[in-house]
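Summary of structural features
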Amino acid sequence: MAIREVLKMGDPRLLAQAHPVEDFSSPELTQLIVDMQDTMRSLNGAGLAAPQIGIGLQVVIFEVAANPRYPEAENVPFTVLINPVLTPLSDVMEEGWEGCLSVPGMRGLVPRHVSLRYQGFDATGQPIDRSVSDFHARVVQHEVDHLRGILYPMRIRDLRDFGFTETLFPGQTLQDD
């Protein structure tokens, strides 16, 4: 089990564009995915992008299954998504509270597309093509933003909707995503 350090906002590596994966059979890619999964699960995260652990590749993982931090969220199957392409299925957007392992202790109200199609590849290079909505769509958008050098605070429309978790949600034990 290899739990990696998660980079924090301010680290320039989080602002860089990630590069596409070209070799799906490399042992380094296999180990990266294992390390990402170990890291995400150790922190009870909903997702993790390779740039968050200092690797500039277009790799994200996500999963939500009976997570105490998201008691009302639908299950999102464990997914490895490589070289993703997102296509909104409508112009409808919804604001929702987000946090991030790279922006610890804070939350912000972030607009996201309610439904989208995501395409890419799994860990073995097999195509993925899914249409999703609601929380699943939000998680995918959040993680794919990391591949573009975008952190969720950059998407907040009104900074009055951004602050410390303990202040915004007193008495709630919310962790970072």
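This write-up is about the structure you can find in this document. (Residues numbered from 1 in each chain as written. Predicted model: local features only at pLDDT ≥ 70, side-chain atom pairs only at ≥ 80, totals over all residues. Heavy atoms only, no water.)

1. Considering helix α2 (residues 134-147)
Our working rule: A run of DSSP states H or I qualifies as a helix once it reaches four residues; a run of E qualifies as a strand once it reaches two. Both are numbered from the N-terminal end. To estimate the expected span of a helix, count its residues, drop one, and scale the result by 1.5 Å. The classification of residues rests on relative accessible area computed with a 1.4 Å probe and restricted to protein chains. Under 20% of the type maximum is buried, over 50% is exposed, and intermediate values are partly exposed.
The terminal C-alpha atoms of α2, which comprises 14 residues, lie 21 Å apart, in line with the 20 Å expected from a rise of 1.5 Å per residue. Burial of α2 is extensive: 13 of the 14 residues sit out of reach of the surface. Taken from the residues just after α2, Gly149 is the one with a positive phi, measuring 75°.

2. A word on unusual backbone geometry
Negative phi characterises most residues that are not glycine, and trans characterises most peptide bonds. Positive phi, normally seen in glycine, also occurs at Asn44, with a value near 55°. Locating Asn44 in the fold gives a position in the loop between α1 (27-42) and β1 (47-49). The class of Asn44 is partly exposed, set by a relative accessible area of 34%. With phi around 55°, Asp134 is a residue other than glycine that occupies positive phi space. Tracing the backbone shows Asp134 in helix α2. Overall, the relative accessible area of 44% leaves Asp134 in the partly exposed class.

3. Brief notes about the pattern of salt bridges
For the record, the criterion: Counted as salt bridges are all cases of a side-chain nitrogen of Lys or Arg within 4 Å of a carboxyl oxygen of Asp or Glu.
Overall, the coordinates contain 10 salt bridges when judged by the stated rule. For the salt bridge of Arg157 with Glu95, the shortest nitrogen-to-oxygen distance reads 3.7 Å. One end of the pair, Arg157, is in the loop between α2 and β8 (162-164); the other, Glu95, is in strand β4 (residues 93-100), and 62 residues separate them in sequence. Under the relative-accessibility criterion, Glu95 is labelled partly exposed at 35%. Its salt-bridge partner being Asp158, residue Arg160 comes within 2.6 Å of it at the nearest N-O pair. One network of salt bridges, with partners in common, ties together Glu98, Arg112, Arg138, Asp145 and Arg155.

4. Focus: the pairing of strand β6 (residues 115-121)
Selection criterion: At least two DSSP bridges between two strands are required for those strands to pair.
Two elements, strand β3 (residues 76-88) and β6, share five bridges in a ladder whose sense is antiparallel. Along β6, the bridge assignment pairs Thr87 with Arg117. Summarising the sheet, β6 and strand β7 (residues 127-133) pair through seven bridges and their orientation is antiparallel. Across the sheet, the residue bridging to Ser115 is Ser133, located in β7. The turn linking β6 back onto β7 is made up of five residues, and Gly125 within it adopts a positive phi angle of 90°.

5. Some points on the nonpolar core
Threshold: Side-chain atoms within 4.5 Å link the members of a nonpolar core, which is a set of buried Ala, Val, Leu, Ile, Met, Phe, Trp, Tyr and Cys residues.
Membership of the largest hydrophobic core comes to 19 residues, with the highest contact counts inside it found for Val60, Phe62, Leu81, Leu86, Leu116, Tyr118 and Val140. At the level of elements, β2 (59-64), β3, β6, β7 and α2 are the ones that each hand at least two residues to this core. Residue contributions to this core peak at six residues, all from α2. Counting residues in each nonpolar core, the second largest holds 15 residues, with Leu29, Ile33, Val80 and Ile82 among its members.

6. Considering the pairing of β2
In terms of residue burial, β2 counts as a mostly covered element, since six of its six residues are buried. Of the two faces of β2, the one lined by Val59, Ile61 and Glu63 and the one lined by Val60, Phe62 and Val64 are each fully buried.

7. A few points about the packing of aromatic side chains
Given two aromatic rings, one states the distance between the centres and the angle between the planes to describe the pair. We count it as follows: The pairing test for Phe, Tyr and Trp rings, Trp by its six-membered ring, is centres within 6.5 Å, and the orientation test on the planes gives stacked under 30 degrees, edge-to-face over 60, and tilted for anything in between. A ring has a charge above it when a Lys NZ or an Arg CZ is no more than 6 Å from the ring centre and no more than 35 degrees off the ring normal.
Across all of its chains, the model carries four aromatic pairs by this definition. Taken together, a centroid distance of 5.2 Å and an interplanar angle of 85° make the contact between Trp97 and Phe169 edge-to-face. Here Trp97, found in strand β4, pairs with Phe169, found in the segment after α3 (165-168); they are 72 residues apart in sequence, far enough to count as distant. You can call Phe169 buried: its relative accessible area is 15%. Of note, Arg41 hangs over the ring of Phe78, and the distance from its end group to the ring centre comes to 5.2 Å.

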